Amino acid sequence: MSVIPVEGARATEPVESAMSPGHAPAGQDGLGLEHVGKRFDSVQALVDCSFSVPRGRMLGFLGPNGAGKTTAMRAVFGLVRIDSGSVLWDGCPVGPSRRLRFGYMPEERGLYPRMPLGPQLEYFGRLHGLGARDARDAARAWLTRLGLEDRAGAKVEELSHGNQQRAQLAAALVHEPDLLVLDEPFAGLDPIAVRMLAEVLRDEAARGAAVLFSSHQLELVEDICEEVAVIDRGRVVATGDVDTLRRASRRRRIELRLEGAETGWLPGVEGVELVERRDGEIRLLTGRDVDPAEVLAAAARTARVVEFRYGPPSLAQVFLELMER
Amino acid sequence: MSARQMVALVARREVRERLRSRTFLYGTLILLVCVGASAAAPALVAPETTYRIAVTEPVPQGLGPALERAGDPFDTDVRLQPVGSAAAGREALEDEDVADALLVLGDDRLVFRTTVDTELAAVAESAVRTVRGHAPPAPELTADTLDPDNGESSDAAVLVAMAGSILLLISLSVYGQWVLVGVLEEKSNRVVELVLSAVRSRHLLAGKVIGIGLMGLGQLGLVAGLTAALFVAGVFDAPASLGVSAALVVSWFALGFALYAFGFAAAGAMASEQQDAATAAQPLTVTLAAAYMVGYIAVSADSGSVLAHVLTVIPLTAPLVLPARNALVRVELWEHALAVVLVLVSIYALVRLAGRVYDRGLLHTGPRLGLRTAWRLAHRP
């Protein structure tokens, strides 16, 4: 399978090979970035950046700090003037009126601190084209959904940090956008808030919205996203659905638990490296061509094998593998 | 959604949020109290005024006591001084130490030197009516001035000119800084990124300037309204042209604000932290203060000089100089027209330039932008 990684030199071709069948190609349906380039003085922020987020799907946008995630997201809203390429919705270039149907949660959170929450959400609803009554109803509905109904009259600066995060989410969602773009939405959230946000995002995708969000929490992304795009130094280095990406990796993961093994035991099979030992569990990484039976046999020779798992690496490992290149 | 709707939404938010803040309400209240106090002040400082009124003979019986009684409610003392003829009365009136007004009973005329004193006019009117045994409302007397076009500005006109230009200077600075702080606030707490994801920067800028400008116009309108009401009620001793002066102050606030506000907005977008606000505003507040000072000196030295004429039409100084000069001397219609045209052209040019600086500055993070960097950013495609 010629899935990943897309070599840097070949990144000029649309990256869609790992897309599962049935999905529209880039830019045909939902959001599409095509060959987007952007340079800031001495820094090339985006290089021929292409990926797509179909309607009803959720795409996790991964990459190390400074890779260009935020620039790509801001380009969707015209907050960054791109030098080349295009941002498309349903195959058509995105303009100001189309953007009114998009919802955005910027990396730098911010609302009007002294404006009460309810009127503020209404205002953002109206800026996105809702009528006065619709905006009021939508604001109230989101406040209720996010458990903020009794804080509608409070100024944003009076809200707790967690509630400000919810308010920010509501501001992005109040107009029921066709596309939802969230920059690091999970950063700094407690586990309950993470679960709540994940549910909201799933519901938004189920409603038919295209959802794009960036995150460094790769386990979480693996949990809630079907698809990811990985960007490094401005280039999209991999894109596709999570399972395909994992299976396409040239590595495999082995996790085993032994009883009676010497401390510091290693299978001694070529191409097998130790990832970590924790609580009696040994985690190994091997090449795809290494036969797991060899590892199992080596383990069985020295101790009793209680658990043995073999499979594709986690998304986090795939990500590190991509970054090593 | 149309551009107009977008601008209206932004402007409405500006107005609503500011009406919600107590600062604005207290500020307005303080201004109104100041106007009221300035009306009451003369009465407090000089609790009893003495008017000397020359009356052409024959003086009707009982006019003296009637004048005294009519003056009581105003805390004024009116002294009657008979004169042989209207010509003799005119002579008396021309000498400030002899008479404040001349009552020519044959013509039913009350003549003042240069400006009509509404209080004395009311007292004389009431006294003559009492003596003649007439009932209101038909007026008994016509107020007149000896030499209205003598080219000399009355004290009241000077006061109006000074008050008008100071009010304009303060309003332009205060509301200009509101624009700057508003822009900077949106930028420094990052809400601007969310707003700009839906609204174009020029619509945001226009809405902000219009919203804050309307607040300023409303506040000035209230002050002008109260002044006019006090004038009509006879509390103020003001020149007859006060209405025109008030209208000029209000309309030149609108033009001056439009001119300066875009500059303030660009300055706000160039700054990055709230602490920078004062520094960022400095070039504009200094310009305003300099325009006021130069205008004040030039106009008070000689309101007909070439410099005064030039300052009347230059866009940066016109908002502060034109209304003041107009209160003192007659400003020709062509000067009014030229000043308006020039300021409109400047506003158009500034909107384009400041709009670009604002647009580029808003999303620029990091240290305060210098003028040169802002200029470079503004000219980048």
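Worth saying up front: this structure is predicted, and the values here are computed from it rather than measured.

**Student:** Could you clarify how one ought to interpret the domain arrangement of chain A in this entry?
**Tutor:** By convention, interface size is frequently given as the accessible area that disappears when the constituent parts associate. All names here are of chain A. Each domain of chain A was delimited in the assignment, giving domain 1 (8–246) and domain 2 (249–324). Elements with a minimum of two residues in the side of domain 1 that touches domain 2: helix H7 (218–224), strand E9 (227–232), strand E10 (235–241) and helix H8 (242–248). For the side of domain 1 that touches domain 2, the class distribution of residues is nine nonpolar, no polar and four charged.

**Student:** What exactly am I supposed to notice about the pairing of strand E4 (residues 109–112) of chain B here?
**Tutor:** Here is the key point about a regular strand: its side chains alternate between the two faces of the sheet. Residues and elements named next belong to chain B. Judged from the four bridges that link them, strand E3 (residues 101–104) and E4 form a sheet pairing that is antiparallel. Each bridged residue has a counterpart across the sheet, and for valine 104 the counterpart in E4 is arginine 109. Between E3 and E4, which pair antiparallel one after the other, the connecting turn spans four residues, and aspartate 108 there sits at a positive phi close to 55 degrees. Note: E4 against strand E5 (residues 142–145), four bridges, orientation parallel. Paired with leucine 110 across the strands is alanine 143, a residue of E5.

**Student:** Help me understand the pairing of strand E14 (residues 304–311) of chain A, please; the structure alone is not making it clear to me.
**Tutor:** Residues and elements named next belong to chain A. Counting buried residues along E14, only zero of its eight residues qualify, which leaves the element largely exposed. Taken together, the seven bridges between strand E11 (residues 251–259) and E14 define a ladder with antiparallel strand orientation. Bridge pairing in E14 links arginine 257 to glutamate 307.

**Student:** Sorry if this is basic, but what is going on with the sheet that holds strand E2 (residues 76–83) of chain B here?
**Tutor:** Each strand in a sheet pairs with its neighbour through backbone hydrogen bonds, running either in the same direction (parallel) or in the opposite one (antiparallel). Residues and elements named next belong to chain B. Spatial strand order, E2-E1-E3-E4-E5: five strands in an open sheet with mixed pairing. Sheet topology places E2 and E5 at the edges, where each strand pairs with a single neighbour. This sheet shows a mean twist of 25 degrees between the axes of neighbouring strands, independent of strand direction. Across the sheet, helix H3 (residues 63–71) lies against strand E1 (49–56) and E2, angled at about 155 degrees from E2, the strand it touches most. Of the strands in this sheet, E1, E2, E3, E4 and E5 are in contact with helix H5 (residues 118–132), which crosses E2 at around 70 degrees.

**Student:** Is there a simple way to think about helix H4 (residues 132–145) of chain A in this case?
**Tutor:** Every α-helical turn comprises 3.6 residues, leaving residues that sit three or four positions apart pointing alike. Residues and elements named next belong to chain A. Taking 1.5 Å per residue, 14 residues should reach 20 Å; H4 reaches 20 Å between its end C-alpha atoms and fits that length. Listed in full, the buried residues belonging to H4 are Ala135, Ala138, Ala139, Trp142 and Leu143. Seen end-on, H4 carries its buried residues on one side only, within an arc spanning 130 degrees. Exposed residues on H4 whose side chains face more than 90 degrees from its buried face are Arg133 and Thr144.

So, how was this worked out
Residues numbered from 1 in each chain as written. Chains lettered and ligands numbered in written order. Predicted model: local features only at pLDDT ≥ 70, side-chain atom pairs only at ≥ 80, totals over all residues. Domains from an automatic or database assignment. Helix = DSSP H or I, 4+ residues; strand = E, 2+ residues; numbered from the N terminus. Nonpolar A, V, L, I, M, F, W, Y, C, P; charged D, E, K, R; others polar. Pairing = 2+ DSSP bridges. Buried ≥ 20, exposed ≤ 12 C-beta atoms within 10 Å, placed from the backbone. Axes fitted to C-alpha atoms, helices over the stretch in contact; angles between N-to-C directions. Contact = placed C-beta atoms within 7 Å. Expected span 1.5 Å × (residues − 1). Arc of directions from axis to C-beta.

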